[in-house]
Protein chains: 2
Amino acid sequence: MYGPSKRTRRATAADVARLAGVSRSAVSRAFTKGTYLDAEKRERILLAAEEIGYRPNALAAGLQGQQSNLVAIFVGDMPNQYDKEAAASLATGLNAAGKWPIMIGGSDAVARAAASRVLSFPLEAMILRSGSLGADVAATCIKMGVPVISSGRIIEQDGVDNICVRNREGMREGVAHLIKGGCQRIAYIGGPSSFSSAPERRAGCLDALGGLELIAECEGLYTMESGYDAARALLKERRPDAFVCANDAMALGAMTYLREAGVCIPDDIALLGFDDIEMSGWPAFDLTTIRNPIDDMVAAITELLHRRAMDPAKEGEVILLDTKLVKRSSSRRLLPDR
Amino acid sequence: MYGPSKRTRRATAADVARLAGVSRSAVSRAFTKGTYLDAEKRERILLAAEEIGYRPNALAAGLQGQQSNLVAIFVGDMPNQYDKEAAASLATGLNAAGKWPIMIGGSDAVARAAASRVLSFPLEAMILRSGSLGADVAATCIKMGVPVISSGRIIEQDGVDNICVRNREGMREGVAHLIKGGCQRIAYIGGPSSFSSAPERRAGCLDALGGLELIAECEGLYTMESGYDAARALLKERRPDAFVCANDAMALGAMTYLREAGVCIPDDIALLGFDDIEMSGWPAFDLTTIRNPIDDMVAAITELLHRRAMDPAKEGEVILLDTKLVKRSSSRRLLPDR
DNA sequence: TTGAAAGCGTTACCAT
DNA sequence: ATGGTAACGCTTTCAA
């Protein structure tokens, strides 16, 4: 039997037209809704198309001047769990919205080169999800006329849309919760200062402290391992009764160390994270944390994409997402929470 | 200023030609290496292009019949860590190889629909990385003339290239290592039978057992949580001295439960995983496991892509990857390992 | 070495 | 409602 698998050339509208005995125009219309076309005829065309495995070539359609629906997502190395979850959800959310996410990632040099080359596509937007680098990539995109959406870090640049979580407010609420629960000797495990989220979260912690001061403090790498190490280092200091961590990965690392060290959580030391990654909700960890809402982030990006498509020349905007304090057992102390 | 009509058109070769005072053909040649073009002229063109932010439109170039360099990656829900790591590395590896990976994911219905729609692009290949579903997606692709590369699960279908790790041999080596270390009462925590890897790994375990029989056995979901639950259930059975887990996520879940239960690893119970995800190598876990080599997988896929491009009509092939036993402390028992 | 012109597969705009 | 015919932006062939 002859079939498309034998064919080396891709089926075109002309092939379908020939097979169905109609014009190429009719084939095009059959695949576009809201066009005038005899119902029976459309049926016949669709059937013929199905038979030879035809569908409109997106390259040609995109060339035609329509929207390409192509979107690039620039992720860094995705060193921690949250980044991976966010990237996965973003890709999924985008293709639920009818967009095609092209992933760009890897170590700096490779990723940067790829990010530049991908601009040869008429992208609807470049989505930046990289903590540290990104600002220069953004500049290239803007120059090429490709809209930029920066997520997780605010890039002050003309025409760049930003979406960011309220790091400071979120952390403030979390630490306030610890204090209301009776914690007084708080140690802070911060993130790398190259990430804009790090100083913001730290500021939120200081806000909540009020008159209090941090018992101790150090800077981690947003990884579990660095949290583990940080906990060990900080435990030597004057006995803290709470560890506030700039993200969940470090908090879980710290938790692992504390358990090994025989420290009871939360009675000896309470623990607070930030992000609410999947693992944190798992009963064996049950970490109190501040939710960095991935679904809201994805929804906001989709919305931004839409608004930009409506008005390509609009001003860049900043969307701030609200966090949500998720109280779990790592902060559930004897003292009642109010 | 005057409204949305401010839209800036993307620069085209004609724009560059005008600016540099050359023909459109020359501009095209300037961006194609191995073409006849005066060096000084090429320089001038490239400069002009840089100035107005031009690069060849990949849509138009792809239409021309060249290779599109577009590749779709179909991932499932990526429920476990290994899937996420694999997907991230794959995307990165592909764009290091000059390919553009379009990610397709999400819950079954949405992902399936997207996978079908993405075929409107002249894809160089559809890469399937989904344990359970995928076979029917593969059929659609083949019908459309899009080559399929299945990773992690062998799809017996004309023209489908497969790449899979030697699950059985790997697990056999791992369990043999436990037995040499003195384990005799082995309990098995398996994966969901809908994944082809599950029965293979189990078979490898049985191979190594020789005359022995499993003390106990249950089926998990390849998630940490299911491993945790499985360990609790199995611990009630006649005291095992080893837990063999079908993947690392479950092994780490089991480890967490065992530690909570005060069981000493590996002295009371040894632990074996499969995959070697990042977390397993972290000192606080230090899980003995069988490496499911992501880098080799990515390299093989790139190679397969290349071979398929060379000969679109070639037979489908099966590449099997070797595992590597990674001995860590979760299996380091008193009895010397031979 | 260079420029003109012919496609590539669509969609959109014409007249029917 | 329908078929013919311009674009769309590029690469490649063909003459020069």
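Residues numbered from 1 in each chain as written. Chains lettered and ligands numbered in written order. Predicted model: local features only at pLDDT ≥ 70, side-chain atom pairs only at ≥ 80, totals over all residues. Heavy atoms only, no water.

Colleague: I keep staring at the relation of the copies chain A and chain B and nothing clicks. Help me out?
Modeller: In this arrangement, two copies of a chain are superimposed by a rotation about an axis accompanied by a shift along the axis. Rotating chain A by 180 degrees and translating it 0.0 Å along the rotation axis places it on chain B, where the RMSD comes to 0.1 Å. Taken together, the turn and the small shift mark the pair as related by a two-fold rotation axis. In terms of C-alpha distance to the rotation axis, chain A has I102 of chain A as its closest residue, with the C-alpha 2.3 Å off the axis. Residue by residue, 92% of the interface of chain A is reproduced at the interface of chain B, so both copies engage with the same surface. (Least-squares fit on C-alpha atoms with pLDDT ≥ 70 in both. Contact = heavy atoms within 4.5 Å.)

Colleague: What exactly am I supposed to notice about the packing of helix α5 (residues 81–96) of chain B against helix α13 (residues 294–310) of chain B here?
Modeller: Each packed pair of helices is defined by two parameters, the angle between the axes and the distance between the axes. All names here are of chain B. Interaxial distance between α5 and α13 falls to 9 Å at its minimum, and their mutual angle equals 45 degrees. The orientation of α5 relative to α13 falls into the category oblique. Judged by the twist between their axes, the crossing of α5 over α13 is right-handed. Contacts between α5 and α13 involve Y82, E85, A86, S89, L90, G93 and L94 from the former and I294, M297, V298, I301 and L305 from the latter. Classifying every residue of the contact of α5 with α13 by side-chain character gives nine nonpolar, two polar and one charged. (Axes fitted to C-alpha atoms, helices over the stretch in contact; angles between N-to-C directions. Helix = DSSP H or I, 4+ residues; strand = E, 2+ residues; numbered from the N terminus. Parallel < 35°, antiparallel > 145°, perpendicular 65-115°, else oblique. Left-handed = near helix turned anticlockwise from the far one by under 90°. Nonpolar A, V, L, I, M, F, W, Y, C, P; charged D, E, K, R; others polar.)

Colleague: Can you walk me through the packing of aromatic side chains in this structure?
Modeller: Any two aromatic rings considered together are summarised by their centre-to-centre distance and by the angle between their planes. Tallied over the entire structure, the rule returns 12 aromatic pairs over all chains. Relative to Y54 of chain A, the ring of F31 of chain A has its centre 5.5 Å away and its plane inclined at 75 degrees; by these criteria the two rings are edge-to-face. Placement of F31 of chain A in the loop between α2 (24–30) and α3 (39–52) and of Y54 of chain A in the loop between α3 and α4 (58–63) is noted, with a sequence separation of 23 residues between them. Overall, Y54 of chain A belongs to the buried group, its relative accessible area being 10%. A network of ring pairs unites the aromatic residues Y228 and Y257 of chain A together with W282 and F285 of chain B as a single cluster. Above the ring of F274 of chain A, the side-chain terminus of R201 of chain A is found at 3.9 Å from the ring centroid. (Phe/Tyr/Trp six-rings, centres within 6.5 Å; stacked < 30°, edge-to-face > 60°. Buried < 20%, exposed > 50% of the residue type's maximum accessible area, 1.4 Å probe, protein only. Lys NZ or Arg CZ within 6 Å of the ring centre and 35° of its normal.)

Colleague: Before we go on, may I ask you to explain helix α10 (residues 224–235) of chain A in this structure?
Modeller: Residues spaced three or four apart along an α-helix face the same direction, because each turn holds 3.6 residues. Over its 12 residues, α10 of chain A runs 16 Å from end to end, which matches the ideal 16 Å to within 8%, given 1.5 Å per residue. Listed as buried for α10 of chain A are M224, S226, G227, Y228, A230, A231, L234 and L235 of chain A. Next to the buried residues of α10 of chain A lie β6 (186–190), β7 (216–219), β8 (242–245), α11 (248–260) and α12 (278–281) of chain A together with α12 (278–281) of chain B. (Expected span 1.5 Å × (residues − 1).)

Colleague: Looking at this model, I keep getting lost on the UniProt feature "domain: HTH lacI-type" (unreviewed entry) in chain A. Mind explaining?
Modeller: Following the UniProt record, one finds the feature "domain: HTH lacI-type" (unreviewed entry) at residues 11–65 of chain A. Structurally, residues 11–65 of chain A is divided into 64% helix and 0% strand, and its ends, taken at the C-alpha atoms, are 22 Å apart. (UniProt positions renumbered as here; feature names shortened; annotations may be inferred.)

Colleague: Help me understand the pairing of strand β3 (residues 125–129) of chain A in this model?
Modeller: All names here are of chain A. Of all five residues making up β3, five are buried, and the element is well covered by its neighbours. In β3, alternate side chains face the same way, and those of A125, I127 and R129 on one face and M126 and L128 on the other are all buried. Pairing of strand β1 (residues 70–75) with β3, which is carried by five bridges, proceeds in the parallel orientation. Counterpart to V75 in the pairing with β3 is R129. (Pairing = 2+ DSSP bridges.)

Colleague: Sorry if this is basic, but what is going on with the sheet that holds β8 of chain A here?
Modeller: In a beta sheet, neighbouring strands pair by backbone hydrogen bonds and run either parallel or antiparallel. All names here are of chain A. Here we have four strands laid out as an open sheet, ordered β7-β6-β8-β9, and parallel in their pairing. The open sheet terminates on both sides in strands that have one partner only, identified here as β7 and β9 (270–272). Here the strands of the sheet are splayed against their neighbours by 15 degrees on average, with no regard to which way each runs.

Colleague: Where do I start with the protein's contact with DNA strand D in this structure?
Modeller: Taken together, 24 residues form the shell around DNA strand D, and within it R29, Y36 and D38 of chain A together with A13 and S28 of chain B come nearest. Take the atoms of DNA strand D that sit within 4 Å of the protein: sugar and phosphate atoms are 60% of them. Contacts to DNA strand D include S23 of chain A, whose side-chain N or O atom sits 3.0 Å from a phosphate oxygen. A distance of 2.7 Å is found between a phosphate oxygen of DNA strand D and a side-chain nitrogen or oxygen belonging to S28 of chain B. Counting only elements with at least two residues in the surface near DNA strand D, the list comes to α2 of chain A together with α2 (24–30) and α4 (58–63) of chain B. With four residues, the single largest contributor to the surface near DNA strand D is α2 of chain A. Residues of the surface near DNA strand D, tallied by class, amount to nine nonpolar, nine polar and six charged. (Near = heavy atom within 4 Å. Polar contact = N/O pair within 3.5 Å; in protein donor to acceptor, adjacent residues only side chain to side chain.)

Colleague: Whenever I open this one, the protein's contact with DNA strand C confuses me. Can you help?
Modeller: As a matter of local geometry, DNA strand C sits amid 23 residues, with A13, S28 and Y54 of chain A together with R29 and Q64 of chain B nearest to it. In the interface set of DNA strand C, defined as its atoms within 4 Å of the protein, sugar plus phosphate atoms amount to 61%. With respect to DNA strand C, the side chain of Q64 of chain A contributes an N or O atom lying 3.3 Å from a base oxygen. Within the side chain of S25 of chain B, a nitrogen or oxygen atom sits 3.1 Å from a base nitrogen of DNA strand C. Those elements that provide at least two residues to the surface near DNA strand C are α2 and α4 of chain A together with α2 of chain B. A breakdown of the residues in the surface near DNA strand C according to their chemical character gives nine nonpolar, nine polar and five charged.

Colleague: Before we go on, may I ask you to explain the sheet that holds strand β9 (residues 270–272) of chain B in this structure?
Modeller: All names here are of chain B. Strands sit in the order β7-β6-β8-β9 across an open sheet of four strands; the sheet is parallel. In this open sheet, the two strands that pair with only one neighbour each are β7 (216–219) and β9. Averaged over all pairs of adjacent strands, the angle between their axes in this sheet comes to 15 degrees, without regard to strand direction. Judged from the four bridges that link them, strand β6 (residues 186–190) and strand β8 (residues 242–245) form a sheet pairing that is parallel. Counted as the bridge partner of Y188 is V244 from β8.

Colleague: Please explain the interface of chain A and chain B as it appears in this structure.
Modeller: As a measure of interface size, the accessible area lost when the parts come together is often cited. Every contact between the two is made by 62 residues of chain A and, on the other side, 60 residues of chain B. Taken as a group, L59, W100 and W282 of chain A account for 14% of the area that chain A buries against chain B, more than any other trio of residues on that side. There are four salt bridges connecting chain A and chain B. One salt bridge in this structure joins K84 of chain B and E278 of chain A, with 3.8 Å as the shortest N-O distance. Taken together, the connections running from chain A to chain B amount to 19 residue pairs in polar contact (both at pLDDT 80 or more). (Buried area = accessible area lost by both parts, 1.4 Å probe. Salt bridge = Lys/Arg side-chain N within 4 Å of Asp/Glu carboxyl O.)

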